[in-house]
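# Analysis of the macromolecular model
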Amino acid sequence: MAELSKQNEPVDATPSVSEVDVADAHTEAEAVAAIEAPVERGEPILQVRGLVKHFPLTQGILFKRQIGAVKAVDGISFDLHQGETLGIVGESGCGKSTVAKLLMNLERATAGEIFYKGQDITKLSGRALKAVRRNIQMVFQDPYTSLNPRMTVGDIIGEPFEIHPEVAPKGDRRRKVQDLLDVVGLNPEYINRYPHQFSGGQRQRIGIARGLALNPEIIICDEPVSALDVSVQAQVINLMEKLQDEFNLSYLFIAHDLSIVRHISDRVGVMYLGKMAEIGTDQQIYDHPTHPYTQALLSAVPVPDPDAREGRERIILTGDVPSPANPPSGCRFRTRCWKAQDQCAEEVPLLAIPERFQGEDTPAAHESACHFAEEKDVVHAA
Amino acid sequence: MPEKTAVDSQNSKVADTPVPATVEPETGNGTGKARSLWSDAWHDLRRSPLFLASSLLIVMLVTMAVFPSLFADGSPTEADLANNYLKPPNWSHIMQPDWFGYDIQGRSVWTRMVYGARASILVGVLVTLIVTAVGSVLGMLAGYFGGIWDTLLSRLTDIFFGIPFLLGAMVILTTFDKRTVWVVILAISFLGWTTIARVARGAVISVKQADYVVAAKALGASTSRILLRHILPNALAPIIVVATISLGGYIGAEATLSFLGVGLSEPVVSWGVDVSRGFQSIRNAPYVLIMPSVLVSITVLSFLMFGDAVRNALDPKLR
Amino acid sequence: MTLIDEAPMSPYQGDDPDSGEPLLEVRDLHVEFHTRDGVAKAVNGVNYSVKAGETLAVLGESGSGKSVTAQAIMGILDMPPGRITKGEILFRGQDMLKMSDEERRKLRGARIAMIFQDALSSLNPVYSVGYQLGEMFRVHLGLSKKDAKAKAIEMMDRVKIPAAAARVNDYPHQFSGGMRQRIMIAMALSLEPDLIIADEPTTALDVTVQAQVMDLLAELQREYHMGLMLITHDLGVVADVADKIAVMYAGRIVERAPVHELYKRPAHPYTKGLLDSIPRLDQKGQELYAIKGLPPNLTRIPSGCAFNPRCPMAQDICRTDIPALQPVTERDGGELVGRGSACHFWKETIHG
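Residues numbered from 1 in each chain as written. Chains lettered and ligands numbered in written order. Predicted model: local features only at pLDDT ≥ 70, side-chain atom pairs only at ≥ 80, totals over all residues. Heavy atoms only, no water.

Taking an unreviewed UniProt entry as the reference, chain C is identified by name as Methionine ABC transporter ATP-binding protein belonging to Streptomyces dysideae. What UniProt states about chain C under its Subcellular location (unreviewed entry) heading is, verbatim, "Cell membrane". Under the UniProt heading Sequence similarities (unreviewed entry), the note attached to chain C is "Belongs to the ABC transporter superfamily." (UniProt positions renumbered as here; feature names shortened; annotations may be inferred.)

Chain A is annotated in an unreviewed UniProt entry as Peptide ABC transporter ATP-binding protein from Streptomyces dysideae. The UniProt entry for chain A carries this comment under Sequence similarities (unreviewed entry): "Belongs to the ABC transporter superfamily."

Right, dumping it as structure tokens:
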């Protein structure tokens, strides 16, 4: 229980970075040492605090001036623990893919911190950043565009070794690449073939092999199966779970398919318009959601069971997701929420355990950013 | 791996069993060999009649430029006014000096055509090389880094596009007293690089957004690695297509400028010079004008056809 | 092949005796594509029918031929490289493949309409949505510009686009994805067709919007008593709206059944595999069931049953004989209305 309450501190309000501690690693060498140090299973390996990314909207040809900003990510905090899978769900435009890019340091955060083993990676550069890059890898959504069509599979999977030559000596690389192909279930003899000679599922395996090459600790998966055929999705999910056990990986699993996220995740965060609406264990989110958006999302998912369609209570939201360039005041969800009151327009709800559930030992006591959070079991309503 | 589970055995099956069709990668031909996109394009090219015809012509023209003596006897500057003044062609003397007759100074039209190939092909090939090198490097840098470099390049190309080609070339060339092949090459290159730069910029911008470039960045790849290993090979196809197609245009441009008297001039042997000369005797001996003009057209056309065939083979949308 | 030829005597004939003639009937349709890698056999003898007021879901993965069949019905197949080598497409008893282009054009839009996955590329960006909606009325019904616009607003109201009168002059890019899909639906419905073919209508939409659009489509279908053919790969969407289902694999229908039956007792190993691979609550932490292998290459479809290299029940006969779509019965031989399976071992699959 002590463990739980520590997790459940309202991270939005008080950015508390615990455990490994910021360690005041001023020199690059110290930072690298901190990054190389192992983390106990279950301890936080990645801590995100108040992460913000605004994309400026500009006008003009020669002299660009800013006329606004797309608030893709607007203050997000969460922890990723060693060895766990954190699922992030949300609809298009909620900022989940931007979070992935920020964590990969592919975009510069507008504000906020990302601590990897206590080091703020948004401020790292040089050798320390390279060390972080080695340890955080990514699997992309579209297996057709994420592999360079002019490179052989061997070159694609071997590229990480060329960029980080310290990981594998030169003579060893070909064998390593073949090992990786074997690990992801492809014939090692395919090493000289080109991506277009493979099907979507096989390409995604190649992408996973590339992600594994440097023995990373964290893999960020941005919709890794949504471009694949239904019958192939399960194969890839199984492979990813197998690899997690085998290589002791932590996954940040971003997807819009709620049933797959539930299957693979230990904890789940629900995002809406650049903010985290609710976060908790998979059971807390799916069986005891307290945020109306989560409830609507869960109830809208088509259930592959025709017998459920009559009895099921469905919350059909009206309207569309507002533009992230001009989000509603207060609670972002209030324009589509059936519970919205004046308070929702004025006050931004904090991501915290709702007052009414505080101190209670119920699964509903998890972080939810709603003024009127209440439990509603939508999945089992029928 | 403690538990050898269902998926495990499946995966190893996918990897090991040789026969079933599902195991093969999606190669069409079933041989399952490594097939790069370039080799696929080459495979297509070899079957294209357009490519075969144009490359045959181009090989002939290039041989002519390098070893003119294989095609014609005598010298292009050898003049025999007394015997050969505007002597009409003798069509049956194939590849003989009098095949296409003699010009106003008693020089063999055929021999001059053969020796003129060198200047024209040299201009075409060198201009293309210079323009492609300069244009793609600048276009690539502007496209990749964007920002102020991109703005500068875009405005610069806009300015160049505003200059009418012929007028620009005439202004540049008339400032030189002695107009050698090199001067003409530089003048045409100076005006021509912007086309390739634009194409390269566009290609690079579309390639740099691809996920595999993002993936390389995420791995921590250096900028030069990203540019050389990922962006250039994928942006090359449109550049090659435009370059081959414009090669014919540069040859035509040389001929045009020489015809107008601002390009090459005697004693340099070139098609443009011949056409310009032949114009003087168009009434008495039209063949002196027509023969080199036809050769210029055939040359330009073969390079256009060649470029077209290359485009068909490289354009992934047609697959 | 000969087995498939008997397919017009499919189990569908004579099911549901109380309803009338089928609106649309596809008989033994074959479509192939000539590609640089050879002939891709996209559709290999498909039979199905849709009645008024009925929703048929055609379920399949990419390359199963589900969309190609729909394109052949609509007459929008790219020919060449595509070619219809065999078969009939009957609309109210008349073979559309034998009609003149003019006759088919009149059917299209007016009697049969189609909704596509990507609404943005299906709408013309340079005309306002009101103009494009009104075009249907101007061209097919000869209404004046003003009347057509009034009709367009009415249709936009019907598909519940808020403030229709104010937005009628907006352009497609000014609408969100869900709203654009509504406009597509409005266009498809504008001439009150008898049949709507919806090709992955909600795949590009977000879950919460998807639910709105599917609800709307189902409501309008009931109201107009149309036939709806829903082409999708999503087992969840199918369970929500379909009456009967045809499962396609490698250009053939491998199983057909009323929706409840199919989910309860699949009679083909492919269907069974698909249903088993859906993550379920009680399987948390375990491995998902996965169909092994990959979908076949259409230029080299395996001999016999196309599913045999991936099938856990495959025997020698599966590698040599193409199974016909045969009626599925209860264990005691009792009739199961509207059910069929193209598997040599359907009995073992459904009862064993």
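Summing up its helical and strand segments, chain C has 14 helices and 12 strands in all. For a compact globule of 352 residues, the expected C-alpha radius of gyration is about 20 Å, and chain C comes in at 21 Å, within 12% of that figure. In terms of overall dimensions, chain C has C-alpha extents of about 65 × 50 × 50 Å along its principal axes. Counting every position in chain C, which comprises 352 residues, the buried fraction comes to 58%. Excluding contacts between residues fewer than 6 apart, the proportion of contacts in chain C whose partners are at least 24 apart in sequence is 65%. Taken as two groups, the 40 positive and 46 negative side-chain charges of chain C have centres that lie 3 Å from each other. (Helix = DSSP H or I, 4+ residues; strand = E, 2+ residues; numbered from the N terminus. Rg over C-alpha atoms; globule rule 2.2 N^0.38 Å. Buried < 20%, exposed > 50% of the residue type's maximum accessible area, 1.4 Å probe, protein only. Contact = heavy atoms within 4.5 Å. Lys, Arg positive; Asp, Glu negative; His and termini not counted. Charge placed at Lys NZ, Arg CZ, Asp CG, Glu CD.)

A word on the confidence of the model for chain A. As a general rule, the predicted coordinates of low-pLDDT regions are not to be interpreted in detail. Residues and elements named next belong to chain A. For chain A, per-residue confidence averages 83 on the pLDDT scale, and 91% of positions sit at 70 or higher. Ignoring residues within four places in sequence, the model shows residues 1-16, a span with pLDDT below 50, making 23 contacts including any to other chains. Contacts of residues 18-24 to residues separated by more than four positions or lying in other chains number 10 contacts, the stretch itself having pLDDT below 50. (pLDDT = per-residue confidence, 0-100.)

Our next topic: the pattern of salt bridges. Close approach of charged atoms allows side chains with opposite charge to pair. Within this structure, the stated rule accounts for 41 salt bridges over all chains. In this structure, R225 of chain B engages E159 of chain A in a salt bridge whose closest nitrogen and oxygen atoms are separated by 2.8 Å. Placement of R225 of chain B in helix α10 (residues 223-259) and of E159 of chain A in helix α5 (residues 153-163) is noted, with the two residues assigned to different chains. Note on accessibility: R225 of chain B and E159 of chain A belong to one class, buried. Between E162 of chain A and R225 of chain B there is a salt bridge, with its nearest N and O atoms 2.5 Å apart. (Salt bridge = Lys/Arg side-chain N within 4 Å of Asp/Glu carboxyl O.)

Right, let's talk about unusual backbone geometry for a bit. In this model, E223 of chain A sits at a positive phi of 50 degrees, which is unusual for a non-glycine residue. Within the secondary structure, E223 of chain A sits in the loop between β7 (218-222) and α8 (230-247). Phi is positive for A250 of chain C, close to 50 degrees, though the residue is something other than glycine. Within the element layout of this structure, A250 of chain C appears in the loop between β9 (244-249) and β10 (252-258).

Residue and element names in this part refer to chain B. A contiguous nonpolar surface patch, about 560 Å² in accessible area, is contributed by F165, L166, M170, F259, L260, F279 and I282. It is helix α7 (residues 165-174) that provides the largest number of residues to the nonpolar patch, a total of 3 residues. Looking at where L166 falls in the secondary structure, it is placed in helix α7. Given the relative accessible area of 36%, L166 is considered partly exposed. (Patch = residues over 30% accessible without salt bridge, like charges linked within 9 Å, V, L, I, M, F, W, Y side chains within 5 Å. Areas by Shrake-Rupley, 256 points an atom, 1.4 Å probe, with all protein chains shown as cover.)

Turning our attention to the interface of chain A and chain C. Across the boundary between the two partners, chain A contributes 42 residues, which contact 46 residues of chain C. Interface area, chain A with chain C, both sides summed: about 3,500 Å², of which 55% is carbon and sulfur. Where chain A meets chain C, there are 0 salt bridges. Taken together, the links from chain A to chain C amount to 7 residue pairs in polar contact (both at pLDDT 80 or more). Of all the elements in the fold, those that place two or more residues in the side of chain A that touches chain C are α8, α9 (258-264), α11 (292-300) and α12 (308-311) of chain A. No other element matches α8 of chain A, which puts 8 residues into the side of chain A that touches chain C. Here the side of chain A that touches chain C is composed, by residue class, of 15 nonpolar, 13 polar and 14 charged. (Buried area = accessible area lost by both parts, 1.4 Å probe. Polar contact = N/O pair within 3.5 Å; in protein donor to acceptor, adjacent residues only side chain to side chain. Nonpolar A, V, L, I, M, F, W, Y, C, P; charged D, E, K, R; others polar.)

This brings us to helix α8 (residues 181-208) of chain B. When the terminal C-alpha atoms of α8 of chain B are compared, their 38 Å separation across 28 residues agrees well with the 40 Å that a helix rising 1.5 Å per residue should span. At L191 of chain B, α8 of chain B is deflected by roughly 40 degrees, the largest bend along its length. (Expected span 1.5 Å × (residues − 1). Bend = angle between axes of the 7 residues up to and from the residue.)

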